[in-house]
Amino acid sequence: MSRRTIYRDLNLIEKAGLPFFYDTKTGGYRMHATGLLPAINLSLEEALAIVLLASELGRTGRLPLFQPARDAAAKIESSLPLGLRAFLGGLVRNMAVRTGPTAKHNALQETYRLIQRAMVRREALDAVYISFHDEAQIHTRIEPYWLMFHERAWYVIGRSSRHKAVRTFKLGRFKWLQPAGTRFETPRRLTLEKYFGNAWRMMRGEKAYEVHLKFSPLVGPNVAEVNWHRTQRLRWDEDGSVHFTATVDGLDEIVWWILGYGPEVEVLRPPELRQRVAEMAKRMLKLYAPL
């Protein structure tokens with residue numbers, strides 16, 4: 001092994017935050033015991049859950065930037081007794097976790113790690129970001145509070161100096177990111193739940209709406225099977241129709257969900273949402289009108 005390889009490996013260990021030291025007696029480097037996890041006794045059910053989730057979500061494209069999870073699953077599986085390992089392997093081969101389409105996260109590993117380190121150290125980050133909302137490439141200083149994977153992509157949520165408010169930034173839209181050299185404190189009373197409020201997904205509007213939708217018997221049972229929103233309430237009609245009500249902050253996201261059900265759903269209230277869906281339906285019809 002060359003000296004360059006040794007120093008490169010030591011550099012990676014140092015970046016990972018693992019403590020090591022030079023042992024003068026042996027003439028080599030040793031990792032401190034505090035940098036290693038202690039042995040854990042897992043039940044079959046616990047081991048199965050961890051190995052299945054880690055191996056499946058760690059596959060390329062399943063949960064971006066989580067490939068190390070697959071390596072962790074292999075280590076856990078290899079440490080189990082031979083009989084349990086064989087039994088577990090048979091189960092995992094016949095089980096799967098399917099996720100939806102995800103955004104491209106090529107070459108974002110360093111961005112991901114940089115934000116992780118900044119959150120732990122509570123260090124602000126200077127950034128150049130492609131903002132669809134501002135329709136421009138913006139410069140801002142971010143105080144990263146949370147890293148979150150939502151549906152298709154990774155996001156960092158934190159205070160933006162440009163907007164003077166907490167904002168959500170998609171990792172794939174950073175053009176440049178580096179430590180700012182300044183520290184910050186996360187607001188004690190701020191939580192993800194408070195930040196998102198009753199947003200349908202991630203885009204919280206300024207106004208709350210009482211949404212009432214009526215789904216046809218064809219799709220109603222499928223809608224009723226899913227917990228779409230924390231405020232949702234369901235009521236069934238005798239013909240199998242389902243009335244869906246929820247309190248939602250903003251209408252920009254839920255309108256696209258409604259359109260996905262086409263003619264099988266009717267917006268009963270609020271009038272603003274009903275009007276918006278009607279206008280979008282007219283625009284769709286215009287696209288397909290005969291020439």
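For the structure itself, consult the block above.
Keep in mind the model is a prediction, meaning the values are calculated, not measured.

(A) Layout of the side chain of S131. You can see S131 is positioned in strand β3 (residues 123-131). Relative accessible area serves as the criterion here: at 7%, S131 is assigned to the buried category. Engagement of the side chain of S131 in a polar contact is seen with the backbone nitrogen of D134, the distance being 3.0 Å. When sequence neighbours within four positions are dropped, the list of residues in contact with S131 reads A136 and I138.

(B) Inspection of the pairing of strand β9 (residues 233-236) at higher detail. Note: β9 against strand β10 (residues 242-249), four bridges, orientation antiparallel. Paired with W236 across the strands is V242, a residue of β10. Between β9 and β10, which pair antiparallel in sequence order, lie five residues; one of them, G240, sits at a positive phi of approximately 100 degrees.

(C) Seen up close, the sheet that holds strand β6 (residues 165-170). With respect to topology, five strands assemble into an open sheet ordered β6-β5-β4-β3-β7, the strand pairing being antiparallel. With partners counted over all chains shown, the strands left at the sheet margins are β6 and β7 (174-183), one partner each. Sheet twist, expressed as the average angle between the axes of neighbouring strands with direction ignored, equals 45 degrees. Note: strand β5 (residues 153-160) against β6, six bridges, orientation antiparallel. For G158, the partnering residue across the bridge sits in β6 and is R167. Sheet strands in contact with helix α5 (residues 109-121) are β3, β4 (136-150), β5 and β7, and its direction is about 75 degrees off that of β4.

(D) Expanded view of the packing of helix α2 (residues 44-57) against helix α3 (residues 68-78). Orientation of α2 relative to α3, taken along the N-to-C sense of each, is 150 degrees, at an axis distance of 7 Å. In this structure, α2 meets α3 at a crossing whose hand is left-handed. Between α2 and α3, the contacting residues are I50, V51, A54 and S55 on the first element and A69, R70, A73, I76 and E77 on the second. Of the residues in the contact of α2 with α3, the class split is six nonpolar, one polar and two charged.

(E) Layout of the packing of α2 against helix α4 (residues 82-93). Between α2 and α4, the least distance of the axes is 10 Å, while the angle of their chain directions is 50 degrees. On the basis of their axis angle, the class for α2 and α4 is oblique. With respect to the hand of their crossing, α2 and α4 are arranged in right-handed fashion. Of the residues in α4, those touching α2 at L44, A47, L48, V51 and S55 are L84, F87, L88, L91 and V92. Looking at the contact of α2 with α4 residue by residue, the class counts come to nine nonpolar, one polar and no charged.

(F) Just the pattern of salt bridges, in detail. Per the stated rule, a full pass over the model turns up twelve salt bridges. One salt bridge in this structure joins R235 and D237, with 3.4 Å as the shortest N-O distance. A salt bridge links R276 to D252, with the shortest nitrogen-to-oxygen separation between them at 2.8 Å. Of this pair, R276 sits in helix α9 (residues 271-288) while D252 is found in the loop between β10 and α8 (254-259), placing the two residues 24 residues apart along the sequence. For R276, a relative accessible area of 29% gives the class partly exposed. On the basis of relative accessibility, which here comes to 44%, the residue D252 falls in the partly exposed class. When salt bridges with common partners are traced through the structure, they connect E151, R152 and R201 into a single cluster.

(G) Summary view of the packing of aromatic side chains. Overall, the coordinates contain 18 aromatic pairs when judged by the stated rule. When the centroid spacing of 5.2 Å and the interplanar angle of 70 degrees are considered together, the rings of Y22 and Y29 count as edge-to-face. Given a relative accessible area of 44%, Y22 falls into the partly exposed group. Geometrically, the ring pair formed by F244 and W257 is tilted, given 5.6 Å between the ring centres and 50 degrees between the ring planes. Taken as a pair, F244 in strand β10 and W257 in helix α8 lie far apart in primary sequence, 13 residues in all.

(H) The pairing of β5, seen in detail. A large share of β5 lies buried, amounting to seven of its eight residues. Direction of pairing for β4 relative to β5: antiparallel, over a ladder of eight bridges. Directly across from H150, in β5, lies its bridge partner A153. Counting the residues between successive antiparallel strands, the hairpin from β4 to β5 contains two residues, one of them, E151, with a positive phi of roughly 60 degrees. Hairpin connection of β5 to β6: four residues between the antiparallel strands, including K164 at a positive phi of 55 degrees.

What counts, and at which threshold
- Residues numbered from 1 in each chain as written.
- Predicted model: local features only at pLDDT ≥ 70, side-chain atom pairs only at ≥ 80, totals over all residues.
- Heavy atoms only, no water.
- Helix = DSSP H or I, 4+ residues; strand = E, 2+ residues; numbered from the N terminus.
- Buried < 20%, exposed > 50% of the residue type's maximum accessible area, 1.4 Å probe, protein only.
- Polar contact = N/O pair within 3.5 Å; in protein donor to acceptor, adjacent residues only side chain to side chain.
- Contact = heavy atoms within 4.5 Å.
- Pairing = 2+ DSSP bridges.
- Axes fitted to C-alpha atoms, helices over the stretch in contact; angles between N-to-C directions.
- Left-handed = near helix turned anticlockwise from the far one by under 90°.
- Nonpolar A, V, L, I, M, F, W, Y, C, P; charged D, E, K, R; others polar.
- Parallel < 35°, antiparallel > 145°, perpendicular 65-115°, else oblique.
- Salt bridge = Lys/Arg side-chain N within 4 Å of Asp/Glu carboxyl O.
- Phe/Tyr/Trp six-rings, centres within 6.5 Å; stacked < 30°, edge-to-face > 60°.

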